[in-house]
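# Reading the structure
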Amino acid sequence: MNPAPTEPLNSVDEAGLSPPLLLEGRGITKSFPGVKALKGVDLKLSPGEVLAVIGENGAGKSTLMKILAGVQSHDEGELRIDGQPVRFSGVEDALGNGIALIHQELNLADNLDVAANIFLGREPRRFGLMNTSLMHAQASDWLQKVGLRVPPETIVGHLTIGHQQLVEIAKALSVNARVLIMDEPTSSLSQHETEQLFAVIRDLSAKGVAIVYISHRLGEVKALAHRVTVLRDGENAGSIEKQDIHHDQMVRLMVGRDVSQYYALKERQTGEVIMKVEGLRTPHAPEHALHFELRSGEIVGVAGLVGAGRTEMLQTLFGVAPAVGGSMWVAGRSFTPQSAAQAIECGLALVPEDRKQQGLILEMAIKENMSLASLRRDQRRGFLDFGSEQDIADRMIADMRIKTPSDMQQAQYLSGGNQQKVVLGKWLAMKPRILLLDEPTRGIDVGAKQDIYRLMEKLAEQGVAILFVSSEMEEIIGMSDRALIMHEGRLAGGLPRAELSEQSVMQLATGGDRP
Amino acid sequence: MKKIYGITGIFMVVFILTALMSSSFLTPYNMERLILRTSLFGIISIGVGFVIITSGIDLSIGSVICLIGCGLPWLLTKLSLSMPIAILVVLLATLMIGLLHGLLITKLKLQPFVVTLCGLLMYRGLTRGFTGDQTQGFGQVFKELRWLGEGRVALPGIPLETFGLPVPFFILVLVAILASIFLNRTIYGRYLLALGRNEQAARYSGIHTDKMIVLAYLICAGLAGLGGVLFILDVNSAQPVDFGNFYELYAIAAAVLGGCSLRGGQGTILGVVIGAALMQVLRNMITLVDWIPTHIEYAVIGAVILVGVVADEVVKRVASSRQIAASRQ
């Protein structure tokens, strides 16, 4: 990647010989408060090309996609479509230029039918009224193009996630999208749905639609992509052509170092059982009873596809989604979890998945966020203990290397990694015996990620039992002494470290039998 | 503390302008009345301030004032209950109202607006029902009770005939100090501020958010009840059909002017009291200044609140962009 000397040549290219680029980004830069997400990223896309963009969480993939799709605007750099410089004023503008983004979380009105979703905001009209029959007829055509055989009158909420995704694609095609950006499209799909999606992608590619495909699943990337662009820490880490796409090569470019360095992979001594889950039923999947044990000093990963009920399990263990049956036993006490206060009393702590909604009070100071859980313990007959609040803040900011101008800074102005450290600090101040972590490294930069891994290891050495949910296979394999794998609300199985592999985990996560 | 500079500034400007425009504004009698009205509205505004901090709202305050304000003299004169019993009944009634609101909002997840709107209609209707829509008052008896509302305390060096601080002023000071300590110095105050910003995160931190919300509605109804007693003592003759009408809006406006955001999680007691004072100075100005037609009272008050809220938002945006700039470095 050395774009500088090729620049004069490029313009010649565009004029004649090689096929013109459909979309090009040069030196794209974007900053957020506290973090520089993109530092001069280049990207090229030809018609009909399937480009995979990979990189770890926090590498800048999502930000780059949002800029391409007009959700956000870049600070510096240039975007070109068909060689012409463009700057999108918003999503509408990008759509008008033929670029459509399909979010990981689908943006469909699930109370409306398929046709209404496809034509939302552009409904065909007759005499000022909606022309439903025309709309349904046209919707059928688009559905056919993506190979989805459902009537256009179907309510979207009744479709499976995989089918909803095809509706999104149909919607994008119906506005003449020439570039389809798909953010982790298979994260919640079954094996069969994934194959169906791949067939659609290959078909579209053959018809000249360019696809930007973001995925953590390197196997899929190898199967699908014509070219891979790797981002690391907001910069181009490299690009791989079709014939050279190998798993190891991709990982090396993503991580920029050996994986063994990233995860310590130390043998840990585990202690006695400190938590037993005995037939616990979550409100999410009450038909399945959960059974498992945790030992002190043990790090247990929870793997599964999106929607497998991992988050819901942690929420029930922590009492914020009260159990509907069964019980758990923690250090001599048996109870049915009903409230977070009760769980905290038993020495549990939960770092939730949704940091901004559940972990932090964004408008409150770092100090106030960190003391929130310990206020009750440190109270002086109901009065605040400002001294202990200050102690906690000072200690945690130093211990966890939180980068902030002051402990009175509002949590919303911190970067994702530092925010996560504030949430962790809040719970570490409580000295938990059992730490539940839900996607602890989602959306944070590599440095902060490593800090969190080291912290998890340190806590385990001190005898804390850690149960962590992660959608990153490498994290599950790299960090777990043992993994629990969930599938559709039930525990599909457990795997000891020796048997952990991408394949064995996926097998169980997709409802297959034990390998 | 920063948050109350703005409202204090507006208050002083309006105060000085009114003093300049009307010669009767600074007279001892007018000041006494102004302090009395501020005290009464200050007390009920502090109550609704707590509810607003939880990101809720209480529209029933005016009707609670009517219920208690008309109910107390009715219990004493019509039913001839003894003073302690009547006070007890009134106290229980307010607590029941607060509890009812709080439980409906937290357990049934009803919207505060809807619950308290129904309260607004019900309590006034009830009052008109049991009083037969008759004017209520204490007449010339119940001296000790009436002292609470009518009593005046002389300042050293100033004869009581000229100027005396109304007793409700001292009640306001007491309520405000207690409320301020509760909000800023106890863990429960912190819980209210936290859950007002983000109830989910508060719950995930082990806070019993439901109990805290119920507590806020209890405080609000309780202070509205206290306000009801003091208001009736002040006027001594109230008609159930309009006694306390619109007072909830004055209270909400004072709380908002004083820095409470309807989005929840912020507000200071001192700010709310100054907000209440500003409202009363404005009303006083409209009455006293000859060239302002009295009929446009609501228009003036509405405009001032709007200006205050807009100014507050502008200040907040500037502050937050500064913080962003600071965190970039």
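Thresholds, definitions, all that
- Residues numbered from 1 in each chain as written.
- Chains lettered and ligands numbered in written order.
- Predicted model: local features only at pLDDT ≥ 70, side-chain atom pairs only at ≥ 80, totals over all residues.
- Heavy atoms only, no water.
- Helix = DSSP H or I, 4+ residues; strand = E, 2+ residues; numbered from the N terminus.
- Rg over C-alpha atoms; globule rule 2.2 N^0.38 Å.
- Buried < 20%, exposed > 50% of the residue type's maximum accessible area, 1.4 Å probe, protein only.
- Contact = heavy atoms within 4.5 Å.
- Areas by Shrake-Rupley, 256 points an atom, 1.4 Å probe, with all protein chains shown as cover.
- Lys, Arg positive; Asp, Glu negative; His and termini not counted.
- Charge placed at Lys NZ, Arg CZ, Asp CG, Glu CD.
- Polar contact = N/O pair within 3.5 Å; in protein donor to acceptor, adjacent residues only side chain to side chain.
- Domains from an automatic or database assignment.
- Buried area = accessible area lost by both parts, 1.4 Å probe.
- Salt bridge = Lys/Arg side-chain N within 4 Å of Asp/Glu carboxyl O.
- Nonpolar A, V, L, I, M, F, W, Y, C, P; charged D, E, K, R; others polar.
- Pairing = 2+ DSSP bridges.
- Axes fitted to C-alpha atoms, helices over the stretch in contact; angles between N-to-C directions.
- Left-handed = near helix turned anticlockwise from the far one by under 90°.
- Disulfide = S-S within 2.5 Å.

### Comments concerning the overall build of chain B
When helices and strands are tallied, chain B shows 13 helices and two strands. For 329 residues, the compact-globule estimate of 2.2 N^0.38 gives 20 Å, and chain B sits close to it at 20 Å. Among the 329 residues that make up chain B, the fraction classed as buried is 52%. When contacts within chain B are restricted to residue pairs at least 6 apart in sequence, those whose partners lie at least 24 apart make up 74%. For chain B, the computed accessible surface area is about 15000 Å², with 70% contributed by carbon and sulfur atoms. Seen as two clouds, the 23 positive and the 15 negative side-chain charges of chain B have centres 12 Å apart.

### Quick look at the side chain of Arg268(A)
Residue and element names in this part refer to chain A. The topology assignment puts Arg 268 in the loop between α10 (259-262) and β13 (273-281). For Arg 268, a relative accessible area of 15% corresponds to the buried category. There is a polar contact of 3.1 Å between the side chain of Arg 268 and the side chain of Asp 481. For Arg 268, the residues in contact, after removing those within four places along its chain, are Gly 297, Ile 299, Glu 457, Ala 460, Met 479, Asp 481 and Arg 497.

### Concerning the domain arrangement of chain A
Residues and elements named next belong to chain A. Looking at the assigned domains, one finds that chain A contains domain 1 (261-347 + 432-509) and domain 2 (363-427). Measuring from the centre of the C-alpha atoms in domain 1 to the corresponding centre in domain 2 gives 25 Å. Taken together, the contact between domain 1 and domain 2 spans 15 residues of the former and nine residues of the latter. Summed over both sides, the interface of domain 1 with domain 2 buries roughly 910 Å², with 69% coming from carbon and sulfur. Of all residues in domain 1, Asp 451, Ile 452 and Leu 455 bury the most surface against domain 2, accounting for 36% of the area lost on that side. In this assembly, domain 1 and domain 2 are joined by two salt bridges. Of the charged contacts, one joins Lys 421 and Asp 451 as a salt bridge, the two residues approaching to 2.8 Å between their closest N and O atoms. Where the side of domain 1 that touches domain 2 is concerned, the elements lending two or more residues are α12 (340-345), β19 (434-438) and α18 (446-461). Partitioned by chemical class, the residues of the side of domain 1 that touches domain 2 number 11 nonpolar, two polar and two charged.

### As for the pattern of salt bridges
Residue and element names in this part refer to chain A. Inspection of every chain in the model, using the stated rule, returns 23 salt bridges over all chains. In this structure, the salt-bridge partner of Glu 24 is Arg 26, at a minimum N-O distance of 3.1 Å. With respect to class, Glu 24 is no different from Arg 26; both count as buried. Three or more residues are tied together by salt bridges with common partners; here these are Arg 401, Lys 421 and Asp 451.

### Thoughts on the sheet that holds strand β18 (residues 348-351) of chain A
Residues and elements named next belong to chain A. Judged by pairing direction, the sheet is mixed, and its six strands sit side by side in the order β18-β19-β20-β15-β21-β22 without closing on themselves. Only two strands of the sheet have a single partner each, and these edge strands are β18 and β22 (490-496). Across the sheet, the mean angle separating the axes of adjacent strands is 20° when strand polarity is ignored. Here five bridges tie strand β15 (residues 299-304) to strand β21 (residues 482-487), and the two strands are oriented parallel to one another. Note on β21: the bridge partner recorded for Ala 303 is Ile 485.

### What to know about the packing of helix α4 (residues 83-106) of chain B against helix α10 (residues 209-235) of chain B
Residues and elements named next belong to chain B. Running from N to C, α4 and α10 cross one another at 150°; their axes reach a closest spacing of 8 Å. Considering how the two elements wind past one another, α4 and α10 form a crossing that is right-handed. Listed contacts from α10 to Thr 94, Leu 95, Ile 97, Gly 98, Leu 99, His 101, Gly 102, Leu 103, Ile 105 and Thr 106 of α4 are Asp 210, Ile 213, Val 214, Tyr 217, Leu 218, Ala 221, Gly 222 and Gly 225. When the residues that make up the contact of α4 with α10 are grouped by side-chain class, the tally is 10 nonpolar, seven polar and one charged.

### Remarks on the pairing of strand β12 (residues 235-241) of chain A
As a general feature of sheets, a regular strand has side chains that alternate between the two faces. All names here are of chain A. Where strand β11 (residues 227-232) meets β12, six bridges bridge the pair, whose relative direction is antiparallel. Of the residues in β12, the one forming a bridge with Val 228 is Ile 240. In sequence, β11 turns back onto β12 through a hairpin of two residues, with Asp 233 there showing a positive phi of about 50°.

### A closer look at the interface of chain A and chain B
One widely used convention gives an interface's size as the accessible area the parts lose upon coming together. On the side of chain B, 26 residues touch chain A, which itself brings 38 residues to the contact. With both sides pooled, the region where chain A packs onto chain B buries about 2800 Å², and carbon together with sulfur makes up 57% of that total. Counting across the interface, chain A meets chain B through one salt bridge. A salt bridge links Glu389(A) to Arg190(B); the shortest N-O distance between them is 2.7 Å. Scanning the region where chain A abuts chain B turns up 12 residue pairs in polar contact (both at pLDDT 80 or more). Here the side of chain A that touches chain B gets four residues from one element, more than from any other, and that element is helix α13 (residues 355-359) of chain A. In the side of chain A that touches chain B, the residues fall into 20 nonpolar, 12 polar and six charged.

### Side note on the sheet that holds strand β17 (residues 333-335) of chain A
Residue and element names in this part refer to chain A. Pairing within the open sheet is antiparallel, and its four strands lie in the order β14-β13-β16-β17. Edge positions in the open sheet fall to β14 (290-295) and β17, since each of these has one partner strand only. Taken pair by pair, the neighbouring strands of this sheet meet at an average axis angle of 10°, ignoring direction. For strand β16 (residues 325-330) and β17, the ladder comprises three bridges, and the chain directions are antiparallel.

### Quick look at the state of the cysteines
Residue and element names in this part refer to chain B. The tally for this structure, following the rule as stated, stands at zero disulfides over all chains. The structure places no disulfide on Cys 66, whose sulfur is separated from the nearest cysteine sulfur, that of Cys 70, by 4.2 Å. The cysteine Cys 260 is free of any disulfide, with Cys 220 supplying the nearest cysteine sulfur at 11 Å.

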